[in-house]
Amino acid sequence: MTPKHEKQEFVTVLVRDPRTQKEDSWHSYIDYEIFIHTNSMCFTRKTSCVRRRFREFVWLRQRLQSNAVLIQLPELPSKTPFFNMNNPHHVDHRRQGLQEFLEKVLQDALLLSDSRLHLFLQTQLSPEDMEACVSGQTKYSVADAIHEFASLNRRFPVEDEERKKGKTGGDSDSESSSSGLGPSDDSISCGCKASPASEES
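One numbering rule holds for all chains: residues counted from 1, following each sequence as written. In view of the model being predicted, local features appear only for residues whose pLDDT reaches at least 70, and side-chain atom pairs are presented and counted only at 80 or more, with totals across whole chains, interfaces and linings using the full set of residues. Each side-chain value is worked out from all heavy atoms of the structure, with water and hydrogens disregarded.

For the chain, the name recorded in an unreviewed UniProt entry is Sorting nexin 10, with Calidris pygmaea as its organism. UniProt positions are given in the numbering used here, feature names are shortened, and annotations may be inferred rather than shown by experiment. Of the comments in the UniProt record for the chain, the one headed Sequence similarities (unreviewed entry) reads "Belongs to the sorting nexin family."

## Side note on the overall build of the chain
Only DSSP runs of H or I with at least four residues qualify as helices, and only runs of E with at least two residues qualify as strands; both kinds are numbered from the N terminus onward. Helix and strand content of the chain: seven helices and three strands. Burial status follows relative accessibility: with a 1.4 Å probe on protein chains alone, a residue under 20% of its type maximum counts as buried, one over 50% as exposed, and anything between as partly exposed. Burial statistics for the chain: of 201 residues in total, 43% are counted as buried. We call two residues contacting when some pair of their heavy atoms lies within 4.5 Å. Relative to all contacts within the chain whose residues are 6 or more apart in sequence, the contacts with residues 24 or more apart total 62%. Accessible area for the chain stands at about 11700 Å²; split by element, carbon and sulfur atoms hold 52% of it. Accessible surface is estimated by sampling points in the Shrake-Rupley manner with a 1.4 Å probe; for residues, cover comes only from the protein chains shown.

## So, the confidence of the model for the chain
As a per-residue measure, pLDDT reflects the predictor's confidence and takes values from 0 up to 100. Looking at the chain as a whole, its pLDDT mean stands at 79, while 73% of the residues score no less than 70. Note on residues 155-163: pLDDT is under 50 here. Beyond four places in sequence and across chains, it has 24 contacts.

## Side note on the pairing of strand 1 (residues 11-22)
Pairing geometry for strand 1 and strand 2 (residues 28-38), over 10 bridges, is antiparallel. Residue pairing in the sheet places R16 in a bridge with E33 of strand 2. Counting the residues in the hairpin turn of strand 1 and strand 2 gives five residues. DSSP bridges decide pairing: two strands pair if at least two such bridges lie between them.

## Here's the deal with the nonpolar core
Only buried residues count toward a nonpolar core. Its members are Ala, Val, Leu, Ile, Met, Phe, Trp, Tyr and Cys residues joined through side-chain atoms within 4.5 Å. Formed by 37 residues in total, the largest nonpolar core has its most connected members in I34, L102 and L121. Elements with a contribution of two residues or more to this core: strand 1, strand 2, helix 1 (54-67), helix 2 (88-105), helix 3 (109-112), helix 4 (115-122), helix 5 (127-134) and helix 6 (142-152). Filtering out sequence-adjacent residues up to four positions away, L102 remains in contact with V13, V15, I34, F57, L60, F120 and L121.

## Description of the sheet that holds strand 2
Judged by pairing direction, the sheet is antiparallel, and its three strands sit side by side in the order 1-2-3 without closing on themselves. If you trace the sheet from one side to the other, it starts and ends with strand 1 and strand 3 (47-53), each paired once. When strand polarity is set aside, the average angle formed by the axes of neighbouring strands in this sheet is 20 degrees. Its contacts with the sheet put helix 1 on strand 2 and strand 3, and the angle it makes with strand 3 is roughly 105 degrees. Axis definition: a line fit to C-alpha positions, over the contact stretch in the case of helices; interaxial angles, taken between N-to-C directions, run 0 to 180 degrees.

## With respect to the pairing of strand 3
Strand 3 sits mainly inside the fold: seven of its seven residues count as buried. Burial along strand 3 is two-sided: T47, C49, R51 and R53 and S48, V50 and R52, pointing in opposite directions, are all buried.

## Focus on the packing of aromatic side chains
Aromatic rings from Phe, Tyr and Trp, taking only the six-membered ring of Trp, are treated as a pair when their centres fall within 6.5 Å; an angle between ring planes under 30 degrees marks them as stacked, one over 60 as edge-to-face, and anything in between as tilted. All chains considered together, the criterion is met by one aromatic pair. For R94, the ring lying beneath its charged end belongs to F54, and the centroid distance is 4.0 Å. Placement of a positive charge over a ring is assigned whenever Lys NZ or Arg CZ falls within 6 Å of the ring centre and within 35 degrees of the normal to the ring plane. For R94, the ring lying beneath its charged end belongs to F83, and the centroid distance is 3.8 Å.

## Here we look at the side chain of D31
You can see D31 is positioned in strand 2. The residues contacting D31, other than those within four sequence positions of it, are D17, P18, R19, Q21, R51, R52 and R53.

## Quick notes on the pattern of salt bridges
Salt bridges are defined by distance alone: a side-chain nitrogen of Lys or Arg within 4 Å of a carboxyl oxygen of Asp or Glu. Throughout the structure, instances matching the rule amount to 12 salt bridges. D17 is the partner of R19 in a salt bridge, and the nearest nitrogen-oxygen pair spans 3.0 Å. Among the charged side chains, a salt-bridge network with shared partners connects D17, R19, D31 and R51.

## Brief notes about the packing of helix 4 against helix 6
Helices that pack against each other are described as a pair by the angle of their axes relative to one another and the distance between those axes. It is the contact of helix 4 with helix 6, at a shortest axis distance of 10 Å, that shows an interaxial angle of 10 degrees. Judged on the interaxial angle alone, helix 6 and helix 4 are roughly parallel. Taken together, the residues of helix 6 that come into contact with helix 4 (itself represented by S115, H118, L119 and Q122) are V142, A145, I146 and F149. Side-chain classes follow a simple rule in which Ala, Val, Leu, Ile, Met, Phe, Trp, Tyr, Cys and Pro form the nonpolar group, Asp, Glu, Lys and Arg form the charged group, and the remainder, Gly included, forms the polar group. Looking at the contact of helix 4 with helix 6 residue by residue, the classes come out as five nonpolar, three polar and no charged. Roughly parallel covers angles under 35 degrees, roughly antiparallel covers those over 145, roughly perpendicular covers 65 to 115, and oblique covers all other angles.

Here you go:
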């Protein structure tokens, strides 16, 4: 007997909480929180939260395009010389454009199969480290990097509880807690904080 209503897969992505970060004494940039909640089998983690800046989105789009040449990728919000990071309208317009970009990317099965996309959305690895991981030049796999980032970034107590139950009980939706990585190095760092308003730069 097959169930009449199969569980529909979903992926929710939110780009939110823009923050100004100091690069050095002269330069600042804005990064954005990317929150993912999903039940899709494509994702290693069902909830995640990272922070990314605009230039990392540009890198992601270039890499996705080079690996899927027959697909017309959605556009990013245009990089304009008139962008003012102190103007809330400019910042929110860019945030909306980044969210629309990710929403469209996550609807394409071919793009969802790209490991760079998952590392971008579910770890804080730099573009260089993502490339190294995908090309097998690191001691850890893509799944290891995502699990290690999740273990360092305990923002989602519900998922942590489900994982603990999975160790002792038989929660089939929980995920493995072994990362395969030894002590963490600087290539994986914590992203989002427990309280979005707790840090100002």
